[in-house]
Amino acid sequence: YEQLAADIAADIRAGELSSGSRLPSADELAEVYGVARLTARRAVRHLADQGLVVVRPGRGTYVR
């Protein structure tokens, strides 16, 4: 999950994911990166803990 979170954080810092952009769902991240859904969820939670994204239940995860 740390590697996945680092990859997404790098995309955010590089401007590939701009503020307000919606991240793919955990299921989509898991499929794209070839990891378990739980791993994708942990990565998103890690990004939220770092303040890079905000999770809006029922609406999605957005870049801060």
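Everything below is about the structure printed above this text.
Draft legend 1. Quick peek at the pattern of salt bridges. Under the definition given, this model contains 1 salt bridge. Note that Arg37 is salt-bridged to Asp27, the shortest N-O span being 3.5 Å. With Arg37 in helix α3 (residues 37-49) and Asp27 in helix α2 (residues 26-33), this pair connects stretches of sequence that are 10 residues apart. Taking the relative accessible area as the measure of exposure, Asp27 reaches 41% and is therefore partly exposed.

Draft legend 2. Quick peek at the pairing of strand β2 (residues 60-63). Burial along β2 is two-sided: the residues Gly60 and Tyr62 and Thr61 and Val63 are all buried. Hairpin connection of strand β1 (residues 53-56) to β2: 3 residues between the antiparallel strands, including Gly58 at a positive phi of 80 degrees.

Draft legend 3. The arrangement of the layout of surface pockets in detail. Approximately 200 Å³ is the volume found for the largest pocket. Ser25, Ala26, Val55, Gly60 and Thr61 are the residues nearest the centre of the largest pocket, which is lined by 16 residues in total. Looking at the lining of the largest pocket, the elements that each hand over two or more residues are α2, α3, β1 and β2. A per-element tally of the lining of the largest pocket places α2 first, with 3 residues. For the lining of the largest pocket, a count of residues per class yields 7 nonpolar, 4 polar and 5 charged.

Thresholds, definitions, all that
- Within every chain, residues take consecutive numbers counted from 1 along the sequence as written.
- Owing to the predicted nature of the model, reporting of local features is limited to residues with pLDDT of at least 70; listing and counting of side-chain atom pairs is limited to 80 or more, with chain, interface and lining totals taken over all residues.
- Each side-chain value is worked out from all heavy atoms of the structure, with water and hydrogens disregarded.
- The working definition used for a salt bridge is a side-chain nitrogen of Lys or Arg within 4 Å of a carboxyl oxygen of Asp or Glu.
- Helix and strand definitions here come from DSSP, where helices need a minimum of 4 consecutive H or I residues and strands a minimum of 2 consecutive E residues; each element is numbered from the N-terminal end.
- Exposure classes here rest on a 1.4 Å probe applied to the protein chains alone. A residue is buried below 20% of its type maximum, exposed above 50%, and partly exposed in between.
- The criterion for strand pairing is that DSSP finds at least two bridges linking the strands in question.
- A 1.4 Å probe that fits into a set of points on a 1 Å grid over the protein atoms alone but cannot get out defines a cavity; an open set with protein on both sides within 12 Å along at least five of seven lines defines a pocket, and lining residues are those with an atom within 4 Å of a point.
- Grid points are joined across faces, edges and corners, and a volume is the space filled by probe spheres set on the points.
- Put simply, Ala, Val, Leu, Ile, Met, Phe, Trp, Tyr, Cys and Pro go in the nonpolar bin, Asp, Glu, Lys and Arg in the charged bin, and everything else, Gly too, in the polar bin.

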